[in-house]
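Residue strings, one per chain:
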Amino acid sequence: MSDIRLILRSLFGRPTSTVVTVLLIAIAVALLLSMRSLREAGRASFTRGVGNAHLIVSAEASPLVTVLNGLFYANPPRAPLTQAKVSEIVDGFPWAMAIPTQLGDSFLGHPVVATTPAFIDTFEPAPGEPWRIARGRNFEGPFEVVLGSRVARETGLDLGSRLHLTHGTGRSRESGDPVVLDPEGIDLDEAPIGAHDHGHDHIHCDEEGHVHDEVIFEVVGVLEPSGTHHDRVVVGDLEGGWLVHAFDRRAAEGRPEPTSVDDLEEADRLVTGLLLRTPTRAGRGSSAIVQQAFDRLRRDPAITVASPSTQVNNLFGIVADLDAVFLALGAGILVSGAFSVMLALWNSMELRRRQIAVLRVLGCTRGRVLGLVLTESAIIGLIGAGVGVLLAIAGGDLAAGLLASRTGVVIEPSIEVRGAVLVSAATVVLASLAGLAPAVRAYRTPVADHLRPLD
Amino acid sequence: MTPCLEIHDLLFRRPDGFSLRVPELVLEPGQRVLVAGPSGCGKSTLLLLAAGLLDAAEGRILIGGDDLVPLAPAARDALRARRIGMVFQTHHLLAGFTARENVALALLFAGVPAREHADRAGRVLSELGIERPDMRVDRQSVGQQQRIAIARALAVGPDIILADEPTASLDPSNARAAVELLQNACEEHGAALLLTSHDPTLAELLPRTIEFESLVAPAEVDA
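Residues numbered from 1 in each chain as written. Chains lettered and ligands numbered in written order. Predicted model: local features only at pLDDT ≥ 70, side-chain atom pairs only at ≥ 80, totals over all residues. Heavy atoms only, no water.

J.: Before we move on, could you go through the overall build of chain A and cite the residues and values that matter?
T.: Counting its secondary structure elements, chain A contains 14 helices and 13 strands. Classification of the 455 residues of chain A by burial places 51% in the buried group. For chain A, restricting intrachain contacts to residue pairs at least 6 apart in sequence, the fraction spanning at least 24 positions comes to 77%. (Helix = DSSP H or I, 4+ residues; strand = E, 2+ residues; numbered from the N terminus. Buried < 20%, exposed > 50% of the residue type's maximum accessible area, 1.4 Å probe, protein only. Contact = heavy atoms within 4.5 Å.)

J.: Describe the sheet that holds strand β4 (residues 58-63) of chain B, listing the residues and the values that go with them.
T.: Residues and elements named next belong to chain B. Taking strand neighbours across the sheet as the criterion, the 4 strands line up as β2-β1-β4-β5 in an open arrangement whose pairing is antiparallel. This sheet does not close on itself; its edge strands, each paired only once, are β2 (19-27) and β5 (66-67). When strand β1 (residues 5-13) meets β2, the two strands line up antiparallel, connected through 8 bridges. Paired with Phe12 across the bridge in β2 is Leu20. (Pairing = 2+ DSSP bridges.)

J.: So what's going on with the packing of aromatic side chains? Residues and values would help.
T.: Working definition: an aromatic ring pair is given by the centre-to-centre distance plus the angle between the planes. Tallying each qualifying case throughout the model produces 4 aromatic pairs over all chains. Measuring from centroid to centroid gives 4.5 Å for Phe93 of chain A and Trp95 of chain A, while their planes differ by 40°, and the two rings are tilted. By relative accessible area, Phe93 of chain A is classed as buried at 9%. The exposure class of Trp95 of chain A is buried, given its relative accessible area of 14%. Arranged with centres 6.5 Å apart and planes meeting at 35°, the rings of Phe119 of chain A and Trp131 of chain A form a pair that is tilted. With Phe119 of chain A in helix α5 (residues 118-121) and Trp131 of chain A in the loop between α5 and β5 (133-136), this pair connects stretches of sequence that are 12 residues apart. For Phe119 of chain A, a relative accessible area of 1% gives the class buried. Counting every residue linked through ring pairs, the aromatic cluster contains Phe119, Phe123 and Trp131 of chain A. In this arrangement the basic side chain of Arg9 of chain A is found over the ring face of Phe97 of chain B, its NZ or CZ atom lying 5.2 Å from the centre. The ring of Trp346 of chain A is capped by Arg441 of chain A, whose NZ or CZ atom sits 4.4 Å from the centre of that ring. (Phe/Tyr/Trp six-rings, centres within 6.5 Å; stacked < 30°, edge-to-face > 60°. Lys NZ or Arg CZ within 6 Å of the ring centre and 35° of its normal.)

J.: Describe the environment of Ile7 of chain B, with residues and values.
T.: All names here are of chain B. With respect to the secondary-structure elements, Ile7 resides in strand β1. When its relative accessible area of 0% is taken as the criterion, Ile7 is described as buried. When the C-alpha atoms of Ile7 and Leu46 are compared, they prove to be 10.0 Å apart, with 39 residues separating the residues in sequence. If near-sequence neighbours (up to four positions away) are discounted, Ile7 is found in contact with Val22, Pro23, Glu24, Leu25, Leu46, Arg60 and Ile61.

J.: Give me the lowdown on the confidence of the model for chain A, citing residues and values where you can.
T.: Summarising the model, chain A shows a mean pLDDT of 82, and 86% of its residues fall at 70 or more. Throughout residues 175-190 of chain A the model reports pLDDT below 50, and contacts reaching past four residues in sequence, or to other chains, amount to 26 contacts. (pLDDT = per-residue confidence, 0-100.)

J.: Hey, could you go over helix α9 (residues 289-298) of chain A for me, with residue numbers and the actual values?
T.: Residue and element names in this part refer to chain A. Those residues of α9 not exposed but buried are Val290, Ala293, Phe294 and Leu297. Buried positions in α9, seen along its axis, are confined to an arc of 100° and lie on one side of it. Of the surrounding elements, those touching the buried residues of α9 are β1 (55-58), α4 (83-91), β12 (273-277) and β13 (304-306). (Arc of directions from axis to C-beta.)

In structure tokens:
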């Protein structure tokens, strides 16, 4: 027999109360750690998803919107840049990387990036981690696309699959099932890539977009996971994107639809963003001339230039107060958990005073009684903290999965050891403090009063 | 030989007005004494005072020559743990714990090394006829619970056993058996026995009987 064994027997002698109290503490710890972990993971995901672009240029209203729409695919950008403006920017500085992008189309809810092959060859979805092609190759022609790993996984499409894109964010469709997906009855599997179906109207699939039935794209490559939100994009050729939009425009104007990229006009050749990177020394992530380039571009009132990393930091600055509120909420839950420990022990004392009197008869000192109750509350805190850490790990993975499936934001929550130790230590201290009042009550137990025979 | 219990000029007062004065009580080692008196006369209070669980206002209470009264509470608790065993009418065993654990608790507070607890408790329980020392006490019969309570009191090898109305809830034949068991156990372990009871018939079972009325100063008993 030992003091610890005595305490554990006492705890397990009232399992319901102990389990409920431990669970309350565990939930509080898990919430606190999860909030902290998700916040850090979210921040890391955003920072990482900036990739290796030093600057991004658009015609959007603000730098933050430029970054959110242009790099994080939050919404289709509304204002385009002309090809002339793009050429002026690209030719006006010795960029190490200048990649035009056109956003606005989607495939089964996944954003489509119409761009140049450099998006896969040069742009890095995470700093220092270039794209790697899992299967197939980079796109070369205007009607070829490469799928991000999540797109391939979620849609089941692979090399050779054919698809239509949707203008806007509505649900587009795969071209492999003409009976269901193509009301005109055209066998798209038999149709040549890039074939035009001039005869029918666009099929509106919902209020937000319509399917570009005029052009069929083929999957020529699948990317390996990058662990960023870029895994949910379909990457295609910029000219293909222009062609798709040229159909819309010509149809609206009552003019003949284009049959090839040669029919594209200057007004068709629009981009919504330009990813830029200044030259750097080998192994360096940034360079001193980024600021110089930024200042130079900022002077042009026709464009908005943004530093992605700065904008991400600004975004976290904006939500910092919210973070504090969540952390305060978690701390509040932890304190309420401590109160539940106090109440559970206080109530159990009423039933255990006879037991305490017996321990005193056997020679247990008042101080030892005090220590036993305090240790008991600390053990509740310790077990609760341990279970809470496990819950936080499981909950973090669950939350990350839900976040990825519902919003596409890829985060990798991990419980930082130092944070877990600190929160656990704070929990044990709080639980011990919560045990103080019941411990004093036990300390003051009048022995003689509780040794009388039971009625 | 030093008496195992000496009480001299003891005065105890309770806030509700009850007071108890015991001019003198001496118990020699191995002696077995019945203190007989009606319920509520103060017999239990006397035992609690002798165990150091109540604070005397005046006088001396010596256990094997060591005065309990001036001792600090923790020192008094330590002395009780090593040298006094107590048995109660309702046994006061810890429910949910096994017989062995109940006995081991007494060893724990007496400072006996933990590695000795299981064997030593098992030995005492075996001597008292407990066949299932690892069964929870609340699942044992009343008779077995009484034996476990006696085992717990004797496990540390005390100088004296203080038994407070141990037969109060028993019928006459079982009461007789319980007292004989207690006496035999004390004799085997070399412990003195101070037993209180309201049942005068127990007097024939113990070598010495003291009427509680003759023990106390009459004027001091207010309640």
